[in-house]
Number of protein chains: 2
Amino acid sequence: MQFHLNGFKAGNPSIADVVRMADQSDVVPKEIDVLIVGCGPAGLTLAAQLSAFPHISTAIIEVKDSPLKLGQADGIACRTMEMFEAFGFAGEIAKEGYWVNETVFWKPGGTGGEFIIRAGRVQDVEDGLSEMPHVILNQARVHDRYLHIMANAPRPINPYYARRVKGIEKSSDPTVSHPITVTIERIDPAHQGQVETLRARYVVGCDGAHSVVRQAIGRPLHGDSANQAWGVMDVLAVTDFPDVRYKAAIQSTEGSILIIPREGGYLTRFYIELEQLAEHERITDRNISIDQLIATAQRILRPYKLDVKEVAWWSCYVIGQRLCDRFDDSVDGEYPRIFIGGDACHTHSPKAGQGMNVSMQDSFNLGWKLAAVLSGQAKTELLATYSAERQAVAKELIDFDREFAAMFSAQTKHTDDPAQGGVDPAEFQRYFVKQGRFTAGTQTSYRKSMIRGHDKWQNLAAGLKIGMRFHSAPVLRLADARLLHLGHEIKADGRWRLFLFAGAQDDGRPDAAIWHLCHFLLEDQNSPIRKYTPEGADIDSVIDVRAIFQRNHRDLAIDAMPSLLRPAKGKYGLHDYEKVFCAEARNGPDIFAERGIDRQAGCMVLVRPDQYVAHILPLDASLDLAEFLDGVFIERDLLRETSKRSSSDLHEQSQAYLRGKER
Amino acid sequence: MQFHLNGFKAGNPSIADVVRMADQSDVVPKEIDVLIVGCGPAGLTLAAQLSAFPHISTAIIEVKDSPLKLGQADGIACRTMEMFEAFGFAGEIAKEGYWVNETVFWKPGGTGGEFIIRAGRVQDVEDGLSEMPHVILNQARVHDRYLHIMANAPRPINPYYARRVKGIEKSSDPTVSHPITVTIERIDPAHQGQVETLRARYVVGCDGAHSVVRQAIGRPLHGDSANQAWGVMDVLAVTDFPDVRYKAAIQSTEGSILIIPREGGYLTRFYIELEQLAEHERITDRNISIDQLIATAQRILRPYKLDVKEVAWWSCYVIGQRLCDRFDDSVDGEYPRIFIGGDACHTHSPKAGQGMNVSMQDSFNLGWKLAAVLSGQAKTELLATYSAERQAVAKELIDFDREFAAMFSAQTKHTDDPAQGGVDPAEFQRYFVKQGRFTAGTQTSYRKSMIRGHDKWQNLAAGLKIGMRFHSAPVLRLADARLLHLGHEIKADGRWRLFLFAGAQDDGRPDAAIWHLCHFLLEDQNSPIRKYTPEGADIDSVIDVRAIFQRNHRDLAIDAMPSLLRPAKGKYGLHDYEKVFCAEARNGPDIFAERGIDRQAGCMVLVRPDQYVAHILPLDASLDLAEFLDGVFIERDLLRETSKRSSSDLHEQSQAYLRGKER
């Protein structure tokens, strides 16, 4: 896709001359399950997640008077694309965005560093790190996708714009169903000064660095605001700099630039190093103009010319790294009711492209937990894991960013006079490569908790790390021979996935491990599926079981599989044919090889609704699985009355197996 | 994507509870460049193509009162997906549709053929045939994409529904600009009986088997209506037939079934063989009910059960193969003004899944030609190539279909009594495989004409057949190291593409072949780009030149390339960085190996706006290229006045090359 050729234009590039209007409901409801404050990436990810649940009521409010149209974040890490796939729009983002394939490094050249020369090039995303690309796209276009999902979801949500939170109060009465009272002021001219009052079960502050919600729960941001000023500009420019369509880290004697090519083939973002501020000096005091930004960029880029034709957006900022100790209002282990996510609890420099990504992962982590508790499915303790898991991630990010930002702003080491100090360009490049996994977002690793098991059986699937995101690999679906990515079966629908990787000889027959485990899950009174699936709901509505066999698909029979793997669902009892896969890769190693899965023993891999591996267990550890999930779920009206079916089902399955093998 | 679990629902599956309304303009304009009659696949493809040209006015009318919602065609061949990529929505279709990966064959089993057994399985799309899958999706969803493109295009088009053509008259006065007068009757209750009169330069009848436009130009359909009756039904069913999610060709002693699994994981289409009709008997005389269809399917499927829970759509038909001799109104070589496409000029059985695909290719062939003539770019003779090219394709289709349908309806040969005749299942399967390329739509081969060159230099790119569609392969873009499909650069924008495949050592330097050719194209007075690009238009607006080098991208310099390959475009003169590629494949052979391109000599490949290879020439055959295009284009106000730039440009390019190599 190419666009912006004749000037930057915000919005969907495939829609010409169409102005989209936000659906603006008029009045915020009086009572709601979840109030989200802020329509940034964190808030919208959460709203999109909650809109999947028809029984959960959610409102989202925003200070601005309409959706974001341009500027701000643009980096979309591989891990974020994996999450977008769960929301169903990774393909659209990949189609529209710029793909970061290589990063180039430039350093001072000439005798006195009077011009820049290319210092090196590295592949941007390490081979095998993710099946998804690293993409650059205007944040507003990500918002558009979430708004579309929200507006068209089972429980449609449209934001309430031009609303400011005035006050938040929490009732200490434990019998109150909606203990948080939020006072909201309307700030659009037509409703200026009108006040709305809303009572919520939960409130989530995704309202940025100056978060009102954070202030309301009294959580300070710790850290410091550095005094290095930076400028950022999105421009249409003519230049003879040859790497303007590469991500380019440029170190010159005049300062540093980071070039981020943008979607559409013409737009470019420049991060430009400006001067050091004096202590306590504010960036706004400098009155830096766009002309100064451009002039600085031109000096740094010498001998190349930069002729800026149009500035789509620009800004100046100082780097600071600040972090909250806790991302909720819980005191003394009490049950949290108010949460904060994204910039509300961690701020840092934008150049590593982490802010938007980490913020969205924050609320993807929180969304399914809120839904599970609000649905009466999971214990309220689950909510405490949000702060525990995400605060640790933010801490790592802040540490990384401090180091990265310092390295970026440091003087380049003079090869002829290393005593002057500074950073060797080669060292900077090595650091950059080393941190590739971190910035791709695939290194997040949660610690042991009620939703993250122990490591005893980690060796059964050495390449699927417990506590880390499920790393997808291709498989072939038995029922229709379609090659697909197993990880893409994990949709953002609040369900847990249990992947059963079969041992080498297992073909689903009644005396083998997969069959025994499926039989346990369907029939045993200790089965988490029997205990936690609501009566009348589809068998896979809480825990979705899929099996991956090592046999060729032509040697397996779908009608010989345990009935849990071809369940009858919905009002007609139609069979779901998308539960069984084969480890056939058309080219290269199969999923067992790629992910180090024990070919002889097989294993089960339990994956959380946010795509993180919760546990890995042997196929015969059904009671361990049950025990682990007993720590998460709340028992409810069961499928017990169906157990009378069990012996006849067993007989039928054995017969079906024999019929399947005869063919 | 899964859907339809709790009942079939037409429309976009990712939109819940949203009713889409067609934009209904009220009155058809009085004068128009092109009137399209019929909102089927052929009509909408043409409208979508023409909507890309802001200076061309198009209206499309339809007898029905709203867009199609369900039923009818569902097969989308690989070649059609390649075309959808040119229109920008192949990804959405691939995401939503069912992918045909394997076809299974079933035959009579048991001693007397009293039940069916599996006879064989074949991969559906041969390896390397296309980078696109073979997809099944409700025709209405394809319509939706076209309607979206049309509504949001540079020249938006919304259909006029509930309109019937009453009369078509052509003026014989050659000085009349809009010689066709069409009388249209409105048939919706609110406007019943109102008559509109419209004058058009061109009329295209995409109005189906009973085409009024075809009748108006007096072109009869030749052929015969066979007496074999078939039923078709889209159902939600519970069955123990194990291959219900495979495309399955079933031959039993009770008749034949073709199963086509459908999008969403639950819906299935059955084509069911019914009885022979008596001579002159009409299918409607039989009053066949859906219950009869289901009962027949149940008999054929024995020993498997079929429990139909819901019927989304069904119909009965007889197979017939009929064809027009000519697809336009031209008599005695006169310039055509009225065209017919799709079912209006060729009808056949639906089971080979060809109808919708061939119809769309018809109007994709016509669209750019109409646009080129209406833009004053191409000679009017171009319009005669539509009928010549597409009638030949339809003839092949009809012949194929007659053979395929006969084979499908024939008795299965009894292995114990072959003297009874019939078709051997193994023979049927072999035939099916052999015809895979044909049904994929990739075998279409146009004969020599003003837009299809001679074969003298075919050997320079043995795998890119002149007259056949440009067979894509992956390349790497120099300016940003992105791996992409070269064929996907061919968008449905009416432009010609000239791909320059460089010889092994060529890196764009001033003394080598690519540079010389680019210099000719930019500067020489015989250059088709100089002669046919309108003044003030971007240099690539008529012929879009791209180069593919064999050198590694790290050994090439974008700023050392001829300026034609990094042209300054648009109001700002921004550089287009998407013209240069490298033949680097991450895995497997590169495009030179895949497509048999002469590594030493290189070559140029000229591709028409509909993705067909027009010509292959040596890199030094610039005058042959010019001569070929002189046969198509009309000379107009030129870039001549810019030729004074030429010598300084030459110097600048040489300098740039040297600078690029220094780095």
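Here we take up the relation of the copies chain A and chain B. The two copies are related by a screw operation: chain A maps onto chain B through 180 degrees of rotation and 0.0 Å of translation along the axis, at an RMSD of 0.0 Å. Expressed as a symmetry operation, the mapping of one chain copy onto the other fits a two-fold axis. No C-alpha of chain A lies nearer the rotation axis than that of A:Gly91, which sits 3.6 Å from it. When the interface residues of chain A are mapped onto chain B, 100% of them again lie at the interface, so the same face is used by both copies.

Residue and element names in this part refer to chain A. Running from N to C, helix α2 (residues 78–87) and helix α4 (residues 139–151) cross one another at 25 degrees; their axes reach a closest spacing of 12 Å. Classified by the interaxial angle, the pair formed by α2 and α4 is roughly parallel. Along this stretch, α2 crosses α4, giving a crossing that reads as left-handed. Across the interface between the two elements, Met 83, Phe 84 and Phe 87 from α2 touch Val 142, Tyr 146 and Ile 149 from α4. Broken down by class, the residue content of the contact of α2 with α4 amounts to six nonpolar, no polar and no charged.

Extensive coverage of helix α1 (residues 41–50) of chain A is indicated by the burial of ten of its ten residues. At its buried positions, α1(A) is contacted by β1 (31–37), β2 (58–61), α2, α4, β10 (195–205) and α7 (355–374) of chain A.

Another point: the pairing of strand β20 (residues 496–501) of chain B. All names here are of chain B. The buried fraction of β20 amounts to six of the six residues, a majority that puts the element mostly inside the structure. Judged by which residues are buried, β20 turns out to be covered on both faces: Trp 496, Leu 498 and Leu 500 on one side and Arg 497, Phe 499 and Phe 501 on the other are all buried. In terms of strand pairing, β20 meets strand β21 (residues 543–549) through six bridges, oriented parallel. In the strand pairing of β21, Phe 501 is matched with Ile 548.

This part is about α2(A). Residue and element names in this part refer to chain A. For α2, the buried fraction is high: ten of the ten residues fall into the buried class. Buried within α2 are the following residues: Cys 78, Arg 79, Thr 80, Met 81, Glu 82, Met 83, Phe 84, Glu 85, Ala 86 and Phe 87. After α2 finishes, the residue Gly 88 shows a positive phi value of roughly 90 degrees.

Let us now look at the state of the cysteines. Residue and element names in this part refer to chain A. Counted by the stated rule, this structure contains zero disulfides over all chains. Not part of a disulfide, Cys 345 finds its nearest cysteine sulfur in Cys 324, a span of 5.8 Å. For Cys 603, which is in no disulfide, the shortest distance to another cysteine sulfur is to Cys 518 and amounts to 14 Å. Look at Cys 603 and you get buried, because its relative accessible area is 0%.

All names here are of chain A. Taken as a whole, chain A shows an average pLDDT of 89; of its residues, 90% reach a score of 70 or greater. Across residues 14–24, where pLDDT falls below 50, the model places 19 contacts with residues more than four positions away in sequence or in other chains. Counting interchain partners and residues more than four positions distant, the pLDDT-below-50 stretch residues 637–651 has 21 contacts. Predicted complex, confidence summary: ipTM 0.91, pTM 0.92.

Parameters and conventions
- Residues numbered from 1 in each chain as written.
- Chains lettered and ligands numbered in written order.
- Predicted model: local features only at pLDDT ≥ 70, side-chain atom pairs only at ≥ 80, totals over all residues.
- Heavy atoms only, no water.
- Least-squares fit on C-alpha atoms with pLDDT ≥ 70 in both.
- Contact = heavy atoms within 4.5 Å.
- Axes fitted to C-alpha atoms, helices over the stretch in contact; angles between N-to-C directions.
- Helix = DSSP H or I, 4+ residues; strand = E, 2+ residues; numbered from the N terminus.
- Parallel < 35°, antiparallel > 145°, perpendicular 65-115°, else oblique.
- Left-handed = near helix turned anticlockwise from the far one by under 90°.
- Nonpolar A, V, L, I, M, F, W, Y, C, P; charged D, E, K, R; others polar.
- Buried < 20%, exposed > 50% of the residue type's maximum accessible area, 1.4 Å probe, protein only.
- Pairing = 2+ DSSP bridges.
- Disulfide = S-S within 2.5 Å.
- pLDDT = per-residue confidence, 0-100.

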